[in-house]
2 protein chains.
Amino acid sequence: MSRTSIASTPALRNIATRLRIESIRSTSEAGSGHPTTCMSAAEVVATLFFAEMRFDPKNPRHPGADRFVLSKGHAAPLLYAAWAEAGAFDRSELLRLRKLESDLEGHPTPRLPFVDVATGSLGQGLCAAVGIALNARRIGSDSRTYVLLGDGESAEGAVWEAAQAAVYHRIDSLCAVTDVNALGQSRATQWKHDLDEFARRWRAFGWHAIAVDGHDVDALVAAYGQARATKGRPTMILARTLKGKGVAAIEGKNGWHGKPLKKGVETDAAIAELERQLVAESGPRPAIPPPSGSPRPSHAPDYGALPAPAYSIGDSVATREAWGAAITKLGAIDPRIVALDADVGNSTFSEKFEKAHPDRFFQHFIAEQAMIGAAMGLASRGAIPFPSSFACFLGRAADFIRMAGISDLNVKMTGSHAGVSIGEDGPSQMALEDLAMMRAVPNCTVLYPCDAVSTERLVAAMAASHGLAYMRTSRPKTPVIYDASERFPIGGSKVLRQSARDVATVVAAGVTVFEALKAHDALAREGIAIRVIDAYSVQPIDRAALVAAGEATGGILITVEDHYAAGGIGDAVAEAVADRRFLVERLAVREIPRSGAPDELLDKYGISASQIVSAVKRLAPGR
Amino acid sequence: MSRTSIASTPALRNIATRLRIESIRSTSEAGSGHPTTCMSAAEVVATLFFAEMRFDPKNPRHPGADRFVLSKGHAAPLLYAAWAEAGAFDRSELLRLRKLESDLEGHPTPRLPFVDVATGSLGQGLCAAVGIALNARRIGSDSRTYVLLGDGESAEGAVWEAAQAAVYHRIDSLCAVTDVNALGQSRATQWKHDLDEFARRWRAFGWHAIAVDGHDVDALVAAYGQARATKGRPTMILARTLKGKGVAAIEGKNGWHGKPLKKGVETDAAIAELERQLVAESGPRPAIPPPSGSPRPSHAPDYGALPAPAYSIGDSVATREAWGAAITKLGAIDPRIVALDADVGNSTFSEKFEKAHPDRFFQHFIAEQAMIGAAMGLASRGAIPFPSSFACFLGRAADFIRMAGISDLNVKMTGSHAGVSIGEDGPSQMALEDLAMMRAVPNCTVLYPCDAVSTERLVAAMAASHGLAYMRTSRPKTPVIYDASERFPIGGSKVLRQSARDVATVVAAGVTVFEALKAHDALAREGIAIRVIDAYSVQPIDRAALVAAGEATGGILITVEDHYAAGGIGDAVAEAVADRRFLVERLAVREIPRSGAPDELLDKYGISASQIVSAVKRLAPGR
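Residues numbered from 1 in each chain as written. Chains lettered and ligands numbered in written order. Predicted model: local features only at pLDDT ≥ 70, side-chain atom pairs only at ≥ 80, totals over all residues. Heavy atoms only, no water.

Residues and elements named next belong to chain A. Strand order in this open sheet of 7 strands is E8-E7-E9-E10-E12-E11-E17, and the pairing throughout is mixed. Sheet topology places strand E8 (361–363) and strand E17 (537–539) at the edges, where each strand pairs with a single neighbour. Recorded for the sheet is a direction-independent mean angle of 20 degrees between the axes of neighbouring strands. (Pairing = 2+ DSSP bridges. Helix = DSSP H or I, 4+ residues; strand = E, 2+ residues; numbered from the N terminus. Axes fitted to C-alpha atoms, helices over the stretch in contact; angles between N-to-C directions.)

Here's what the structure looks like:
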């Protein structure tokens with residue numbers, strides 16, 4: 001049953017036709033884009049927007065509004081046409097599609113107020129939708145979340161990770177639609193129009209699945225009603241459609257993916273053909289129901305009033321454990337903080353948060369894409385999610401992290417078990433490329449504390465500043481070296497050792513800080529002085545401090561990191577001082593490591609105190 | 001029915017018990033590891049190795065041998081114990097588990113001759129097994145592929161990608177076993193011991209699924225026989241087991257993941273308890289059937305005899321199209337060459353290969369993890385796989401690529417549609433971090449040709465040299481600038497413009513080569529000379545040429561790349577010349593880009609000819 005009795009069948013059919021016309025017109029004008037992908041889903045979007053969803057076109061971010069995620073992001077022109085039809089902006093804007101000065105990009109991004117998460121990398125929308133729905137639960141909203149998938153993207157494993165997460169969390173406010181148009185980019189999809197292939201899979205994963213004719217507006221509206229009535233589990237509507245529906249020359253034909261109609265005769269004829277499909281309507285146009293209720297607002301607490309860390313200098317605490325304690329402490333003062341795990345909470349120490357705040361802890365089992373995707377959805381709606389895993393396994397979600405960067409989302413990732421210092425478990429468990437991955441997201445803050453005090457301070461700094469951020473934590477226990485009153489601004493660093501006679505600067509972070517301190521002492525016994533910097537903020541890095549140190553130490557900087565040479569701290573430091581003609585020597589892991597004891601590995605792979613001592617002696621002239 | 005009538009039930013039960021004992025003993029000695037994970041799967045491994053698989057313990061790489069992939073890599077001690085039991089090496093070696101000088105690492109790697117692909121990042125083994133089975137088909141072998149998964153890792157989407165790939169390719173030589181021990185790392189698994197939850201999913205995905213008691217050797221042997229008799233589709237055996245089976249103190253108990261028994265009393269008592277479970281045997285020990293048949297050998301052709309590329313200077317050809325033509329040409333002379341696609345073959349041009357060599361083309365639809373995983377398996381058994389997608393979507397398989405590096409596999413990846421030069425499709429389709437990702441794999445060759453001739457030559461160079469490699473191709477057509485006779489060794493570069501008066505060196509690759517050439521001409525008109533280098537080999541990079549150019553041009557190097565600043569060509573160049581105190585200025589994309597026309601975007605994001613001109617004027621003194 002339709003939410004609104006006014007939404008008549010002829011009106012909805014006409015809206016679908018108009019959405020098709022606008023999708024063709026805008027892509028023809030742009031000279032690129034995916035009109036046929038829009039045309040298959042026109043009835044699905046028309047019915048969702050004008051007979052089901054509750055929202056305010058003038059305030060799309062309303063906290064109580066139903067959400068729509070276009071997982072098949074290449075149907076962006078359809079999405080834009082729907083919002084124009086709803087009155088969010090003037091229809092004429094649609095003709096600026098894909099132009100540099102327009103926010104109507106080739107695929108949707110949150111530069112547009114009605115887009116929660118960027119899409120266009122297939123198979124991510126359902127993951128984000130799970131997070132959006134979890135956020136509605138967090139704020140006590142009855143907002144529903146709708147997501148439109150392509151049939152082709154159902155091949156992505158991430159879709160099945162999200163499928164199980166939604167069932168595990170019993171999310172019945174989630175209604176997905178698969179646009180089964182049977183054509184992928186290069187060929188027919190794997191299962192073509194066999195809706196049973198889809199239904200069997202979704203039902204096996206615990207979803208309520210409904211098969212409908214995706215061009216039948218009444219059937220779609222009825223299916224949404226069924227979904228709303230389904231309790232305890234999500235619903236998947238499998239909509240049989242035709243790619244290019246409505247224009248005979250392209251309808252159901254392969255070879256039309258990502259191809260606009262030619263401006264002029266070809267486009268005009270197609271639009272004329274569609275205009276002939278408009279039917280007579282009676283009565284007023286469908287009214288969009290407003291967002292329901294007033295969800296609990298969640299205000300930011302005064303982070304400045306946080307008590308100092310309770311650690312004392314000399315305590316021995318792994319940064320991973322300090323991280324778990326820190327997010328738990330923050331969770332107590334900030335209801336926006338949530339944590340997500342992928343079944344390693346007893347290693348990352350997110351289990352501390354789970355014990356204290358079970359209602360804001362979301363287990364994803366071993367499914368890192370779904371975990372990061374849900375964090376993206378949660379962040380897009382006001383939560384401050386802290387997803388975590390072993391740092392190497394966050395690479396499983398690398399493409400999600402890329403898209404979180406494009407979306408400028410407030411996700412705070414943490415990766416534990418960094419580097420060879422994990423020891424005997426061997427290379428498959430060692431993150432040695434995570435800094436490169438995270439630094440390659442230009443708007444991602446990258447933090448790498450060496451002790452419990454800096455960890456706790458930096459967790460608070462991450463939470464208090466907007467944007468994507470990553471913290472790298474370590475497995476071994478390390479001594480607390482900072483006084484609890486010390487401050488750690490993002491973009492800063494700490495000079496740990498210095499003298500007027502320093503012959504080189506060693507830039508370290510995390511576990512290598514302690515190697516650098518040991519090297520300092522060993523060299524001091526030989527009368528050689530070095531400067532030691534803790535570069536806890538890897539991105540942005542503290543350029544001013546590095547330049548100053550380099551100038552004071554003969555232009556010799558030695559970086560040392562428990563990470564591969566490419567893309568890590570060495571590269572970050574080198575770029576920061578690029579205009580100074582300093583010598584930047586990078587001590588880093590340069591081959592695939594083996595299993596072994598942590599100290600053995602640090603030495604074998606060139607990042608131990610003795611390796612630093614050798615580098616200083618080799619590079620510093622006149623010592 | 002067992003393959004070998006000699007394998008009696010008591011003998012198999014005793015082998016399982018001995019595997020448990022060795023798993024406990026070796027992890028206790030190492031002081032770390034996952035004994036309970038080994039113990040649940042002891043009967044599965046005992047029956048596979050001693051009543052089902054055909055192999056030669058002294059020649060585990062035999063081309064006709066059945067294969068075993070331990071997807072749950074943390075059960076490595078069990079795998080090692082099985083090979084020792086089979087006679088591959090002396091049992092005493094097991095006590096060197098996890099020691100730096102031993103190849104018996106914490107998780108299996110192909111440093112061991114009986115390991116095809118490294119495991120330990122969960123959810124990858126089945127993907128690789130699909131590739132191993134496809135390779136058996138390629139070489140005409142009836143070798144069967146067995147893979148052991150954990151129940152926890154079934155949450156990984158990659159498992160379901162592989163599930164559909166195996167069915168799509170109708171791989172009935174594949175038999176998987178899930179060790180359903182109901183306990184994950186931090187808690188009970190999602191579906192605990194409910195085998196029906198698993199069976200429903202596997203059947204929905206088209207597999208033959210069999211549920212058995214995983215500690216009943218007869219039931220396991222019978223299930224393998226059923227799997228062998230199943231035609232046209234793969235089989236999944238769901239084995240109900242107990243973690244820690246056989247030792248009452250830990251059997252079926254949570255909190256024992258990744259925890260060895262304490263050396264001494266605790267270990268001794270457990271081993272004594274297991275020894276009491278040994279039963280009387282009669283007759284000789286089970287004999288392992290030898291590998292069957294002699295698969296077609298596939299020899300390397302003489303790559304030196306390849307004809308020169310057929311392009312002429314001035315032709316306009318996208319490097320992606322030249323890549324498609326090049327792999328097709330190679331495929332004609334080298335039967336080891338195979339291609340894998342994820343439904344973008346008409347954009348990457350792998351469709352050329354598909355048309356010419358359909359039997360060696362493996363479609364994976366939109367499932368990049370399964371695609372790279374299958375390539376890993378194919379490579380591990382002698383194929384030279386060329387998997388390809390849009391470069392940004394290879395990030396979906398970042399963790400597989402990391403593991404391919406750990407495995408030192410001969411996989412030749414290609415990513416098309418690099419950078420902002422793709423234009424209007426927008427940031428979700430632009431690879432701007434792929435070079436960082438690939439450079440962060442220390443043994444990965446990274447190539448980035450600018451024209452069709454260099455593309456074709458470098459494809460041949462990739463295929464001819466062993467190891468992991470990545471080629472980055474571009475969307476726009478670019479002019480051919482190299483004579484067909486030109487050679488492009490890996491690790492080389494080309495000086496495209498030089499004079500005795502050069503005030504700076506511009507290092508470019510791919511589309512920016514043409515921006516650099518334009519800048520050269522524009523500056524020449526003002527009387528300013530610059531050197532231009534095509535750094536087509538990004539890793540290894542041509543250090544000698546960069547140092548020479550820097551020394552000849554006042555130590556000023558300007559890198560320009562259609563990639564983010566972190567981890568790309570600028571960082572590679574800066575590190576190569578780190579000891580020279582040159583000034584390395586990096587022109588790169590430094591923010592999330594937008595949709596727009598390619599030329600507009602190159603300029604807006606700072607990597608166009610005019611931006612190079614500005615940089616030269618800013619940096620080169622006394623010009």
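What follows is about the relation of the copies chain B and chain A. By a simple turn and slide, chain B fits onto chain A: the slide is 0.0 Å along the axis, the RMSD is 0.0 Å, and the turn is 180 degrees. Here the symmetry operator amounts to a two-fold rotation axis. Most of the interface of chain B is mirrored in chain A: 100% of its interface residues are interface residues there too. (Least-squares fit on C-alpha atoms with pLDDT ≥ 70 in both. Contact = heavy atoms within 4.5 Å.)

So, on to the sheet that holds strand E3 (residues 174–180) of chain A. All names here are of chain A. Ordered by their spatial adjacency, 5 strands build an open sheet running E1-E2-E3-E5-E4, and the pairing between neighbours is parallel. Every other strand in the sheet has two partners, leaving strand E1 (67–70) and strand E4 (208–213) as the edge strands with one partner each. In this sheet, adjacent strand axes meet at a mean angle of 20 degrees when their direction is disregarded. Examined bridge by bridge, E1 and strand E2 (residues 145–150) share 4 bridges and lie parallel to one another. Looking at E2, one finds that Val-69 is bridged to Val-147.

We now examine the packing of aromatic side chains. Within this structure, the stated rule accounts for 35 aromatic pairs over all chains. Both rings, one in A:Tyr168 and one in A:Phe365, keep their centres 4.9 Å apart while their planes meet at 90 degrees; by these two values the pair is edge-to-face. Within this pair, whereas A:Tyr168 is found in helix H6 (residues 157–168), its partner A:Phe365 is found in the loop between E8 and helix H13 (368–380), the two being separated by 197 residues in sequence. On the basis of relative accessible area, A:Phe365 is assigned to the buried category, the value being 6%. The rings of A:Phe49, A:Phe50, A:Phe55, A:Phe68, A:Tyr80, A:Trp83, A:Phe89 and A:Phe114 are connected pair by pair, giving a single aromatic cluster. Taking NZ or CZ as reference, B:Arg201 lies 4.6 Å from the ring centre of A:Phe205, over its face. For the cation-ring pair, B:Lys259 lies above B:Trp256, with the distance from its terminal atom to the ring centre recorded as 4.9 Å. (Phe/Tyr/Trp six-rings, centres within 6.5 Å; stacked < 30°, edge-to-face > 60°. Buried < 20%, exposed > 50% of the residue type's maximum accessible area, 1.4 Å probe, protein only. Lys NZ or Arg CZ within 6 Å of the ring centre and 35° of its normal.)

This next bit is on the side chain of B:Glu105. Residue and element names in this part refer to chain B. On the secondary structure map, Glu-105 appears in the loop between helix H4 (76–86) and helix H5 (125–138). On the basis of relative accessible area, Glu-105 is assigned to the buried category, the value being 0%. In terms of polar contacts, Glu-105 uses its side chain to reach the side chain of Thr-109, at 3.1 Å. Only 2.8 Å separates the side chain of Glu-105 from the side chain of Arg-111, close enough to count as a polar contact. (Polar contact = N/O pair within 3.5 Å; in protein donor to acceptor, adjacent residues only side chain to side chain.)

The next thing to look at is the pattern of salt bridges. Tallied over the full model, the rule gives 74 salt bridges over all chains. With its nearest N and O atoms 2.8 Å apart, the salt bridge here joins B:Arg67 to B:Asp116. Placement of the pair is B:Arg67 in strand E1 (residues 67–70) and B:Asp116 in the loop between H4 and H5, with a sequence separation of 49 residues. Look at B:Arg67 and you get buried, because its relative accessible area is 4%. Across the pair B:Asp502 and B:Arg531 runs a salt bridge whose closest N-O atoms are separated by 2.9 Å. Taken together, the positions of B:Asp502 in the loop between strand E14 (494–497) and strand E15 (505–508) and B:Arg531 in strand E16 (residues 531–534) put the pair 29 residues apart, joining distant regions of the chain. In this structure, B:Asp502 and B:Arg531 share a single accessibility class: buried. Taken together, the shared-partner salt bridges connect A:Arg18, A:Glu22, A:Arg25, A:Glu85 and A:Arg91 into one network. (Salt bridge = Lys/Arg side-chain N within 4 Å of Asp/Glu carboxyl O.)

Turning our attention to the confidence of the model for chain A. When pLDDT is averaged along chain A, the result is 96; 99% of the residues meet or exceed 70. If you check the scores for this complex, the pTM reads 0.98 and the ipTM reads 0.97. (pLDDT = per-residue confidence, 0-100.)

Okay, the packing of helix H1 (residues 9–30) of chain A against helix H3 (residues 42–51) of chain A next. Residues and elements named next belong to chain A. Running from N to C, H1 and H3 cross one another at 125 degrees; their axes reach a closest spacing of 8 Å. By the angle class used here, H1 and H3 are oblique. For H1 against H3, the interelement crossing comes out right-handed. For the pair H1 and H3, contact is made by Leu-12, Ile-15, Ala-16, Leu-19 and Arg-20 and by Ala-42, Glu-43, Val-45, Ala-46, Thr-47, Phe-50 and Ala-51, respectively. Across the contact of H1 with H3, the residue classes break down as 9 nonpolar, 1 polar and 2 charged. (Parallel < 35°, antiparallel > 145°, perpendicular 65-115°, else oblique. Left-handed = near helix turned anticlockwise from the far one by under 90°. Nonpolar A, V, L, I, M, F, W, Y, C, P; charged D, E, K, R; others polar.)

Residues and elements named next belong to chain A. Taking 1.5 Å per residue as the helical rise, helix H17 (residues 512–525) with its 14 residues ought to reach 20 Å, and the 20 Å between its terminal C-alpha atoms agrees with that figure. Within the sequence span of H17, burial applies to Thr-512, Val-513, Phe-514, Glu-515, Ala-516, Leu-517, Ala-519, His-520 and Leu-523. At the exit of H17 stands Gly-527, carrying a positive phi of roughly 85 degrees. (Expected span 1.5 Å × (residues − 1).)

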